[in-house]
Amino acid sequence: GENVEQHPSTLSVQEGDSAVIKCTYSDSASNYFPWYKQELGKGPQLIIDIRSNVGEKKDQRIAVTLNKTAKHFSLHITETQPEDSAVYFCAATNSAGGTSYGKLTFGQGTILTVHP
Amino acid sequence: NAGVMQNPRHLVRRRGQEARLRCSPMKGHSHVYWYRQLPEEGLKFMVYLQKENIIDESGMPKERFSAEFPKEGPSILRIQQVVRGDSAAYFCASSPNRAPPLHFGNGTRLTVT
């Protein structure tokens, strides 16, 4: 089955700096890679996702890059703000095909702290 | 649009009791997933259901755990004879069809004393 490794486990940055979180996956059939933000006491919130037919996707201060050959993908947050502080999870799945669906394999999470 | 609704938010059970966790998917969503999150860990898939059908329960322990998603009403995750190791946050997610993205609820935090 799929295995997803996420690094770093904790990340501390100053407000305004950039933050990068990296994930590697093992199953070359995986084709959908979401990123979730989880705040204390809440459920994971989808912040951005990418499919394997593209290499990069941006949404304002957030971007995700995908390297299918190396089987890794990264989350980039620019101009970080204190409200970006949360736990971030990457995930992967194979969402194509008759027997495939949204069964996500998650990374272990990164605790991001943005200092004012 | 209401999101995925889970209740209760917190549930305390003594060892040996039963726990029932409920999940109402987003409006228009007929596909439900249950995930478990142990302290300081990522989420682990448990079960995937469509209305009246269990599609994949490969992540669910073989004993004491069961799930259903009836034609009417919420999806239910049932844990019989709870043990301390069942203490965790249980999250439900829904999608409108077989494919992602998945939208998560705020979870039920189960504590077994």
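Structure: see above.
Values in this document were obtained by computation on a predicted structure and should not be read as measured data.

Draft legend 1. Representation of the overall build of chain A within the structure. Helix and strand content of chain A: 0 helices and 11 strands. Counting from the amino terminus, helix and strand elements in chain A follow one another as β-β-β-β-β-β-β-β-β-β-β. For 116 residues, the compact-globule estimate of 2.2 N^0.38 gives 13 Å, and the C-alpha radius of gyration of chain A, at 14 Å, lies within 12% of that figure. The principal-axis extent of the C-alpha atoms belonging to chain A is close to 45 × 30 × 20 Å. Residue burial in chain A is summarised as follows: out of 116 residues, 46% are buried. Long-range contacts, defined as pairs at least 24 residues apart, comprise 55% of the intrachain contacts of chain A with a sequence gap of at least 6. Accessible surface, chain A: about 5600 Å² in total, of which carbon and sulfur atoms supply 48%. Counting 10 positive and 12 negative side-chain charges, chain A places the centres of these two groups 7 Å from one another.

Draft legend 2. Inspection of the pairing of strand β11 (residues 110-115) of chain A at higher detail. All names here are of chain A. Burial along β11 is one-sided: T110, L112 and V114 are buried, and none of I111, T113 and H115, which face the opposite way, are. In the sheet, strand β2 (residues 10-14) pairs with β11 via 5 bridges, with the strands oriented parallel. When the sheet's bridge partners are listed, Q14 is paired in β11 with H115.

Draft legend 3. Just the state of the cysteines, in detail. Under the counting rule described, the total for this entry stands at 2 disulfides over all chains. Across the disulfide, C23 of chain A is cross-linked to C90 of chain A (sulfur-sulfur distance 1.9 Å). Note on the C23 of chain A and C90 of chain A pair: the S-S dihedral is about -100°, so by sign convention the disulfide is left-handed. Of this pair, C23 of chain A sits in strand β3 (residues 19-25) while C90 of chain A sits in strand β9 (residues 86-92), and the two are 67 residues apart along the sequence. One exposure class covers both C23 of chain A and C90 of chain A, and it is buried. Residue pairing for C23 of chain B: its cysteine sulfur links by disulfide to C92 of chain B, the two sulfurs lying 1.8 Å apart. Between C23 of chain B and C92 of chain B the disulfide shows an S-S torsion of about -55°. By sign, it is left-handed. On the criterion of sequence distance, the pair formed by C23 of chain B in strand β3 (residues 19-24) and C92 of chain B in strand β9 (residues 88-95) is long-range, its members being 69 residues apart.

Draft legend 4. Spotlight on the sheet that holds β3 of chain B. Residue and element names in this part refer to chain B. What the 4 strands build is an open sheet, ordered β1-β3-β8-β7; its pairing is antiparallel. With partners counted over all chains shown, the strands left at the sheet margins are β1 (5-7) and β7 (65-68), one partner each. Going from strand to strand, the sheet's axes swing by 15° on average, the running direction of each strand aside.

Draft legend 5. How the structure looks around the nonpolar core. Among the nonpolar cores identified, the biggest contains 24 residues, and W35, F73, L75, Y88 and L112 of chain A are the most heavily contacted of them. For this core, the secondary structure elements donating two or more residues are β2, β3, β4 (32-38), β5 (45-51), β7 (62-67), β8 (72-77), β9 and β11 of chain A. Core analysis: the second largest hydrophobic core is formed by 22 residues, W34, L77, I79 and V112 of chain B among them.

Draft legend 6. Just the interface of chain B and chain A, in detail. Counting residues at the interface gives 21 residues for chain B and 23 residues for chain A. Taking both sides of the interface into account, the surface hidden between chain B and chain A amounts to around 1700 Å²; carbon and sulfur atoms contribute 55%. On the chain B side of the contact with chain A, L43, R98 and P100 of chain B bury the most area, a combined 30% of that side's loss. Seen at the junction of chain B and chain A, the total is 1 salt bridge. For K103 of chain A, the salt bridge identified is with D56 of chain B, shortest N-O distance 3.2 Å. For the pair chain B and chain A, the interface holds 8 residue pairs in polar contact (both at pLDDT 80 or more). Of all the secondary-structure elements, those providing two or more residues to the side of chain B that touches chain A are β4 (31-37), β5 (43-50) and β6 (53-56) of chain B. Considering only residue class, the side of chain B that touches chain A consists of 11 nonpolar, 5 polar and 5 charged.

Conventions we followed
- Residues numbered from 1 in each chain as written.
- Chains lettered and ligands numbered in written order.
- Predicted model: local features only at pLDDT ≥ 70, side-chain atom pairs only at ≥ 80, totals over all residues.
- Heavy atoms only, no water.
- Helix = DSSP H or I, 4+ residues; strand = E, 2+ residues; numbered from the N terminus.
- Rg over C-alpha atoms; globule rule 2.2 N^0.38 Å.
- Buried < 20%, exposed > 50% of the residue type's maximum accessible area, 1.4 Å probe, protein only.
- Contact = heavy atoms within 4.5 Å.
- Areas by Shrake-Rupley, 256 points an atom, 1.4 Å probe, with all protein chains shown as cover.
- Lys, Arg positive; Asp, Glu negative; His and termini not counted.
- Charge placed at Lys NZ, Arg CZ, Asp CG, Glu CD.
- Pairing = 2+ DSSP bridges.
- Disulfide = S-S within 2.5 Å.
- Axes fitted to C-alpha atoms, helices over the stretch in contact; angles between N-to-C directions.
- Core = buried A, V, L, I, M, F, W, Y, C linked by side-chain atoms within 4.5 Å.
- Buried area = accessible area lost by both parts, 1.4 Å probe.
- Salt bridge = Lys/Arg side-chain N within 4 Å of Asp/Glu carboxyl O.
- Polar contact = N/O pair within 3.5 Å; in protein donor to acceptor, adjacent residues only side chain to side chain.
- Nonpolar A, V, L, I, M, F, W, Y, C, P; charged D, E, K, R; others polar.

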